[in-house]
Amino acid sequence: MSFTLVYIGLGSNLGHPRRRLARAVAALARLPRLSVVGVSANYASAPVGCAVPQPDYVNAVAAARTTLSPRALLAALHAIERAQRRDRSREAGRNAPRTLDLDLLLYGRRRIAAPGLVVPHPRMHERAFVLRPLADLAPAAVIPGRGLARPFLRAVGSQRIVRTRAHALR
């Protein structure tokens, strides 16, 4: 059985975001056929592309090895979001505040464009809240079709992001 290295973006800006990220990582670790192999530090970041003011986000990136298909992994991520009370049907737009956002950023070196599933994540190279934790966790990460992720950090230098503390689950 061959494992695929995947990177998952985590974000929250409602209801104790650091705690929500810690719970999400714990939920990822409980998934069958998936093993979390690393998690970046948490970063506080300003919301990007929002029409109305909202709280800062807490973001991180997790690395995992999995035998789950991309579609099955995405379904598992959505189930974890729902368990933390995310209701995609009630969100007012793509950049609405949320309890938890789990994005499948990279699935090995694959490029996937299917209904409801695009990998690599289509805007990851434009987001400091993805690139900074990804670069910390995996300095040599490659975005298929774009190249090394790290150089894209220069282009997002104006986006506010700062390392913050983690929440320890008890």
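Residues numbered from 1 in each chain as written. Predicted model: local features only at pLDDT ≥ 70, side-chain atom pairs only at ≥ 80, totals over all residues. Heavy atoms only, no water.

Caption draft 1: Spotlight on the overall build of the chain. Looking only at helices and strands, the chain has three helices and 10 strands in total. For the chain, the N- to C-terminal ordering of α and β elements is β-α-β-β-β-α-β-β-β-α-β-β-β. Out of the 170 residues in the chain, the part that is buried amounts to 46%. If you take every contact in the chain between residues at least 6 apart in sequence, the share linking residues at least 24 apart comes to 69%. (Helix = DSSP H or I, 4+ residues; strand = E, 2+ residues; numbered from the N terminus. Buried < 20%, exposed > 50% of the residue type's maximum accessible area, 1.4 Å probe, protein only. Contact = heavy atoms within 4.5 Å.)

Caption draft 2: Structural context of the nonpolar core. In this structure, Leu28, Leu73, Ile80, Leu102 and Leu104 are the most contacted members of the largest nonpolar core, which totals 26 residues. The set of elements that each furnish at least two residues to this core consists of strand S1 (4-12), helix H1 (17-30), strand S4 (57-66), helix H2 (70-83), strand S5 (101-107) and strand S7 (117-119). Of the residues forming this core, the biggest block, five residues, is contributed by H2. (Core = buried A, V, L, I, M, F, W, Y, C linked by side-chain atoms within 4.5 Å.)

Caption draft 3: Structural context of the pairing of S4. Within S4, nine of the 10 residues are buried, which leaves the element mostly enclosed by the surrounding structure. In the sheet, S1 pairs with S4 via nine bridges, with the strands oriented antiparallel. Its bridge partner being in S4, Ile8 is matched across the sheet by Ala62. Note: strand S2 (residues 34-39) against S4, five bridges, orientation antiparallel. Paired with Leu34 across the strands is Thr66, a residue of S4. Two elements, strand S3 (residues 42-45) and S4, share three bridges in a ladder whose sense is antiparallel. (Pairing = 2+ DSSP bridges.)

Caption draft 4: Up close: the environment of Arg150. Among the secondary structure elements, Arg150 is positioned in the loop between strand S9 (147-148) and strand S10 (161-164). Judged by its relative accessible area of 39%, Arg150 is partly exposed. The spacing of Arg150 and Ala138 is 12 residues in sequence and 9.2 Å in space, taken between C-alpha atoms. Beyond its immediate chain neighbours, meaning those up to four positions away, Arg150 contacts Arg132, Ala135 and Pro139.

Caption draft 5: Molecular detail of unusual backbone geometry. With omega at 0 degrees, the peptide bond leading from Val119 into Pro120 counts as cis. Position of Pro120 among the secondary structure elements: in the loop between S7 and helix H3 (128-137). Backbone geometry at His16 places phi at a positive 60 degrees, although glycine is not the residue there. In this structure, His16 sits in the loop between S1 and H1. One non-glycine residue with positive phi stands out, namely Arg33, at about 65 degrees. Relative to the assigned elements, Arg33 resides in the loop between H1 and S2. Owing to a relative accessible area of 48%, Arg33 belongs among the partly exposed residues under this scheme.

The analysis is restricted to geometry; functional conclusions fall outside its scope.
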